[in-house]
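# Observations on the model geometry
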Amino acid sequence: FKVNELMEVLGLKNKPDYNGKIVRVLKYCADVDRYEVRFEGGRYDSVVVKLREENLMYCSVEEREEKKEMPEGEIPNGTRVEIRGLQSEGARWMNGQKGVVVCWDKETER
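Residues numbered from 1 in each chain as written. Predicted model: local features only at pLDDT ≥ 70, side-chain atom pairs only at ≥ 80, totals over all residues. Heavy atoms only, no water.

This brings us to the overall build of the chain. Helix and strand counts for the chain stand at zero helices and seven strands. Going residue by residue from the N terminus, the α and β elements of the chain occur as β-β-β-β-β-β-β. Taking all 110 residues of the chain together, the buried fraction comes to 26%. In the chain, of all internal contacts separated by at least 6 residues, the share reaching a separation of at least 24 is 35%. Surface exposure of the chain reaches about 8100 Å², of which carbon and sulfur atoms provide 47%. (Helix = DSSP H or I, 4+ residues; strand = E, 2+ residues; numbered from the N terminus. Buried < 20%, exposed > 50% of the residue type's maximum accessible area, 1.4 Å probe, protein only. Contact = heavy atoms within 4.5 Å. Areas by Shrake-Rupley, 256 points an atom, 1.4 Å probe, with all protein chains shown as cover.)

In spatial order, the strands read β4-β3-β2-β1-β5; together these five strands make up an open sheet with antiparallel pairing. The open sheet is flanked by β4 (48-51) and β5 (56-58), the only strands paired with a single partner. Going across the sheet, the axis of each strand differs from the next one's by a mean of 50°, ignoring polarity. Strand direction decides the pairing type here: strand β3 (residues 34-39) and β4, joined by four bridges, are antiparallel. Each bridged residue has a counterpart across the sheet, and for Tyr35 the counterpart in β4 is Leu51. (Pairing = 2+ DSSP bridges. Axes fitted to C-alpha atoms, helices over the stretch in contact; angles between N-to-C directions.)

See the structure below:
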């Protein structure tokens, strides 16, 4: 894997809550045969860990390179966001969490 590539974590048994999360490759550590990665968004935003190659796979999230004016209500895939304003009992805990938009549905605006 290349430095700065975005990957998805999978197959971890000791830290199953890491599975499905997006990380950025920082470097390969040959001495321990692991990739040093940093979580991008969510509960573990900015946490750095070392993972085996078999626990990483290419993900479909792509970053936007250009900063351009976006139509109101549309959030392009790959945009880093912070969740705010959720008021339902079951969702309030997510306020303040950071994440990366994976898919924006124009019809439901979600």
